[in-house]
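Below are the chains, spelled out letter by letter.
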Amino acid sequence: MHALLDALVIAILALNLYALGVSRIRAVINAVALQGVLLGGLLFLVHATLDVRGALLVIATLVIKGVVIPAFLVHAMREAEIQHEVTPFVSFMSSMLLGAVGTGLAVGFAHTLPLAEPHTNALLVPASFATVWTGFLLLITRKKAIMQVLGYLLLENGIFLFGLLLLEAMPFMVEIGVLLDLFTGVFVMGIIIHHISREFSSISTENLAELKE
Amino acid sequence: MIYLLIAFPLFMAAATFLWPSDRTRPWLLPIGGLGQLAVVLGAMSLTMHGAVLTGLSDWLRLDALGRLILGFVSVLFFLCSLYAPGYLALRADRPNRLFCGNLFLVQGLMSLVMVSHHLGLMWVAMEGTTLASASSLYFNHNARSLEATWKYLLIGSVGIALALLGSFFLAYAALKAGLESTLLFDALVREAPRLSPPWLHAGFVLLFVGYGTKMGLAPMHTWKPDAYGEAPGIVGTLLAGGVTSCAFLAILRMYHICVAAGEADFAREIFVATGLLSMAVGAVFMVRQRDLKRLLAYSSVEHMGILVLGIGLGGAATYGALLHLINNGLTKAVLFLSAGNIHRAYGSKMTSDVRGALKRVPLSGALFLAGFLAITGSPPFAPFVSEFTILSAAIRDGHFVVGGLFLLLLGVVFVGMGATVLGVVQGEPPDPPPGAPVLRDSVATGAPIVLCLALVLLLGLYVPRPLVTLVREAAAFLETAP
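Residues numbered from 1 in each chain as written. Chains lettered and ligands numbered in written order. Predicted model: local features only at pLDDT ≥ 70, side-chain atom pairs only at ≥ 80, totals over all residues. Heavy atoms only, no water.

A. Representation of a nonpolar patch on the surface in the model. Residue and element names in this part refer to chain B. A surface patch of nonpolar side chains, about 420 Å² in accessible area, is lined by V287, V401, L405, L408 and V412. Topologically, V287 is positioned in the loop between α11 (264–286) and α12 (292–313). V287 sits in the partly exposed class, given a relative accessible area of 38%. (Patch = residues over 30% accessible without salt bridge, like charges linked within 9 Å, V, L, I, M, F, W, Y side chains within 5 Å. Areas by Shrake-Rupley, 256 points an atom, 1.4 Å probe, with all protein chains shown as cover. Salt bridge = Lys/Arg side-chain N within 4 Å of Asp/Glu carboxyl O. Helix = DSSP H or I, 4+ residues; strand = E, 2+ residues; numbered from the N terminus. Buried < 20%, exposed > 50% of the residue type's maximum accessible area, 1.4 Å probe, protein only.)

B. Examining the interface of chain A and chain B more closely. Listed by partner, the interface residues are 45 residues for chain A and 48 residues for chain B. A buried area of about 4,200 Å², summed over both sides, lies between chain A and chain B, and 75% of it is on carbon and sulfur atoms. In this structure, the connection of chain A to chain B is made through 1 salt bridge. A salt bridge links R144 of chain B to E210 of chain A, with the nearest nitrogen and oxygen atoms 3.1 Å apart. At the surface where chain A touches chain B, the tally comes to 9 residue pairs in polar contact (both at pLDDT 80 or more). Elements supplying a minimum of two residues to the side of chain A that touches chain B: α5 (124–141), α6 (145–163) and α7 (172–200) of chain A. Of the residues contributing to the side of chain A that touches chain B, the split by class is 30 nonpolar, 8 polar and 7 charged. (Contact = heavy atoms within 4.5 Å. Buried area = accessible area lost by both parts, 1.4 Å probe. Polar contact = N/O pair within 3.5 Å; in protein donor to acceptor, adjacent residues only side chain to side chain. Nonpolar A, V, L, I, M, F, W, Y, C, P; charged D, E, K, R; others polar.)

C. Inspection of the pattern of salt bridges at higher detail. This structure, assessed with the given rule, holds 15 salt bridges over all chains. Taking the shortest distance from any N to any O, the salt bridge between R294 of chain B and D226 of chain B comes out at 2.9 Å. Of this pair, R294 of chain B sits in helix α12 while D226 of chain B sits in helix α9 (residues 223–230), and the two are 68 residues apart along the sequence. Accessibility assignment for this pair places R294 of chain B and D226 of chain B in one class, buried. Within this structure, E210 of chain A together with R144, E230, D291 and K349 of chain B form a network of salt bridges that share partners.

D. A look at the packing of helix α2 (residues 28–48) of chain B against helix α3 (residues 64–90) of chain B. All names here are of chain B. The interhelical angle for the contact between α2 and α3, taken along N-to-C directions, is 165 degrees, at an axis separation of 8 Å. For the element pair α2 / α3, the angle class is roughly antiparallel. Both α2 and α3 take part in a crossing whose hand is left-handed. Contact residues: L29, P30, G33, L34, Q36, L37, V40, M44, T47 and M48 in α2; R67, L70, G71, S74, V75, F77, F78, S81, L82, A84, P85 and L88 in α3. Here the contact of α2 with α3 is built from residues that sort into 15 nonpolar, 6 polar and 1 charged. (Axes fitted to C-alpha atoms, helices over the stretch in contact; angles between N-to-C directions. Parallel < 35°, antiparallel > 145°, perpendicular 65-115°, else oblique. Left-handed = near helix turned anticlockwise from the far one by under 90°.)

E. Representation of the packing of aromatic side chains. Residues and elements named next belong to chain B. Applying the stated rule across the entire model yields 24 aromatic pairs over all chains. A centroid spacing of 5.7 Å and a plane angle of 50 degrees characterise the contact between F77 and F104, whose relative ring orientation is tilted. Here F77, found in helix α3, pairs with F104, found in helix α4 (residues 97–115); they are 27 residues apart in sequence, far enough to count as distant. Taken individually, F77 and F104 each receive the classification buried, so the pair is uniform in this respect. (Phe/Tyr/Trp six-rings, centres within 6.5 Å; stacked < 30°, edge-to-face > 60°.)

Okay, here's the thing in structure tokens:
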């Protein structure tokens, strides 16, 4: 069981690096979707006893993170007629390198943290930090609005990973609320992206630079 | 009863979305605003007579702090709702279904933030306010408001995401201490002394950065001038007085846990430093500011700084800060709404185009000028009282450097803001473009602002006893560990 859990976490880390290294937006959406499915699997594994609510939550996570949000983003991508991030602020190679360095640091950092007894060797904590870091990298270094939304999703996935340590703290209703917020958030961002592409005939956030001092 | 606080605005939101006519829909706002105010006042008077309002097995509770801020936000919402029909009649070209409905939705979610005693639930509601208010920012449907909405949405959501991570750290602090991990506020306060300090500190910092982004504290304020600059005045008021107050409450919840854990000094140092920085950033960008609404946004950054500074100083300054939350919010209503009128009258909000407002729109111009005097802390207006309370508390407790900087920054703000405001209200108005209709002051868009200003003046001359009690009890609630 532990081995399977670790395998899933490592797959998530690999997807992080993959998302940093490709320019095709569709590929990044796929990576985030797969990560969502893996998170659902992790949630299933860490639930010691799976009751009705737990099962519902696993399904909701799989459907929202793995299917609904990615499908919506693919739709938004088609509407905006955009397929590639062409010139990010930091090149794909360098951002992948930064991601790898960040992951390494996260592992080292997690070892110095005062973790509770059952978690001292778990990969979840460093994976959480590494995924948050990846999300930030995408948010900061990419120009296309959809890529920034994907960065936000990775950031949320990282936080979700940390939440797996704290199942009792997050009751069913709150978890569902968080998922609902995430979905609504991406939905509203998608609408705004649609307006941006209509207004500027491009979804590069470089167009959004009129408001300044 | 406690469910009604949230259900009523949500019901009004649903009714507003379903209402068929664009022309009559805005009138639902004052009706709903009055109803919400009545419900809130009812709940407040029940709790003041000793009743305890709880719900969802203690996830919801109307405590002394939530009561004060919820009461204030409901008053502010009611005042704004009085202004809405007059404003939306001028904007009859734009559909207002989403706009009106979302105002109620935001109000309902804000009420949920106020009564949440579960930090996860509070987070969900807080993120909800961001999402629900985003479409109101885009009311004008142009490139500038699009940019503002995008920044507001993305920066706000990322900031709030960090607050969720901070909440998790807090729950982990309980887990590390050998307790069951929880996000129930009452349990965290009760067990605070046993929480693991490193996780508590890290959680505090993340929560402060996260909700501080939402509140618009420097250096996380970058979305604020853009959002407030492009939003309609009424949305600016509700963001600057309502949503920021919710974020402030969320920070105070975290502070409360720190106080109970005996870590108050750690939190206070961060509050004082951030407060002074926010005041300084606000002051610097207000000098020579050429955009009226951005000027108000930086003023909001400054006053958010004053709020956390007051809490950071502690003692009597806590009372001053909570009072200032109300005084600042009401004064911001005067400023944002009158600036909105001026914006409509000139078709511009840049100082290069707007001159002689006292002649073109005498009432709005005068209200804007009075609002400026009030917000910069001139007597006899209300912000003077609360700012003076904070300052005298700082001096009495021996914080001479902080007190001196506070006074110096207030001076810079007065001069910087004054130059812009006087340029707007004085002088000869430019000739209106031929053919365009010239907007004059009207009762519908003027009277609600006069009412706000009257309240600001009243609170400056005399703070009613029930309000003193409310603020005192809220401050006492915050400063004591159970």
